[in-house]
Amino acid sequence: MATDAPPPSKADPRLPSTEQFVEVQESAEFAELRRSHRSFAFPLTVAFIAWYLLYVLLSNYAGDFMGTQVVGNINVALVLGLAQFLTTFLIAWWYSRYAAAKLDPKGEAIKSRLEGEA
C-alpha cells in the first residue's frame, strides 16, 4: 500500500537533556498547558462517573422506575443505558475538538522549542 508520507529518517534525532525537560516542566507555558487540560478533563470525568453511578444505583434500587415502559418494550433502563454510550462518544468527540483547538497548539509550541534547543 503506497502512502504519501516520506520514509522515516535514518539519523537519530538528538534528545533533549534531563535538565531541559525539567526546565520545560517548570515553565509557565507548561503549567498553562497542564491547567488547560485539567480544567477540561477533571470536571467531565467527575460528571461522567457521577452519571454512571446514578445509572448503577437506579438499576439496583429503583427497579420499578427503571422498568417503566417508555415506548413498546423499551423501558427507562434501556434508554439510560444507551444514553451512557451516547455520552461516552460525545465526550470523546468534544475532548478531541478541545484538544485540537487548545491543547495541541500549546504542546506543539513547547515540543518545537524543546527540540530546537536539543
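See the structure printed just above.
Residues numbered from 1 in each chain as written. Predicted model: local features only at pLDDT ≥ 70, side-chain atom pairs only at ≥ 80, totals over all residues. Heavy atoms only, no water.

**Side note on helix α4 (residues 76-117)**
Spacing of three or four residues puts side chains on the same side of an α-helix, whose turn is 3.6 residues. The first and last C-alpha atoms of α4 sit 58 Å apart over 42 residues, in line with the 62 Å expected at 1.5 Å per residue. The sharpest bend along α4 measures roughly 45 degrees and falls at Ala99. The complete set of buried residues in α4 reads Val76, Leu80, Gly81, Gln84, Tyr98, Ala99, Leu103, Ile110 and Leu114. (Helix = DSSP H or I, 4+ residues; strand = E, 2+ residues; numbered from the N terminus. Expected span 1.5 Å × (residues − 1). Bend = angle between axes of the 7 residues up to and from the residue. Buried < 20%, exposed > 50% of the residue type's maximum accessible area, 1.4 Å probe, protein only.)

**Remarks on the pattern of salt bridges**
Between side chains of opposite charge, pairing is possible as soon as their charged atoms come close. Summed over the entire model, instances satisfying the criterion amount to three salt bridges. Between Arg35 and Glu32 there is a salt bridge, and its shortest N-O distance comes to 3.2 Å. Of this pair, Arg35 and Glu32 both sit in helix α2 (residues 28-61), three residues apart, roughly one helical turn. Classification of Glu32 as partly exposed rests on a relative accessible area of 32%. Of the charged contacts in the structure, one is a salt bridge between Lys106 and Glu32, with a shortest N-O distance of 3.3 Å. With Lys106 in helix α4 and Glu32 in helix α2, the pair connects residues that are 74 residues apart, well separated along the chain. A single network of salt bridges, built from pairs that share partners, joins Glu32, Arg35 and Lys106. (Salt bridge = Lys/Arg side-chain N within 4 Å of Asp/Glu carboxyl O.)

**Brief notes about the packing of helix α1 (residues 18-25) against α4**
Between two packed helices, what matters for the description is the angle formed by their axes and the separation of those axes. For the pair α1 and α4, the least separation of the axes is 11 Å and the interaxial angle reads 150 degrees. In terms of axis orientation, α1 runs roughly antiparallel to α4. Of the two possible hands of crossing, α1 and α4 adopt the one that is right-handed. Across the interface between the two elements, Gln20, Phe21 and Val24 of α1 pack against Ile110, Arg113, Leu114 and Glu117 of α4. The residue inventory of the contact of α1 with α4, partitioned by class, reads four nonpolar, one polar and two charged. (Axes fitted to C-alpha atoms, helices over the stretch in contact; angles between N-to-C directions. Parallel < 35°, antiparallel > 145°, perpendicular 65-115°, else oblique. Left-handed = near helix turned anticlockwise from the far one by under 90°. Contact = heavy atoms within 4.5 Å. Nonpolar A, V, L, I, M, F, W, Y, C, P; charged D, E, K, R; others polar.)

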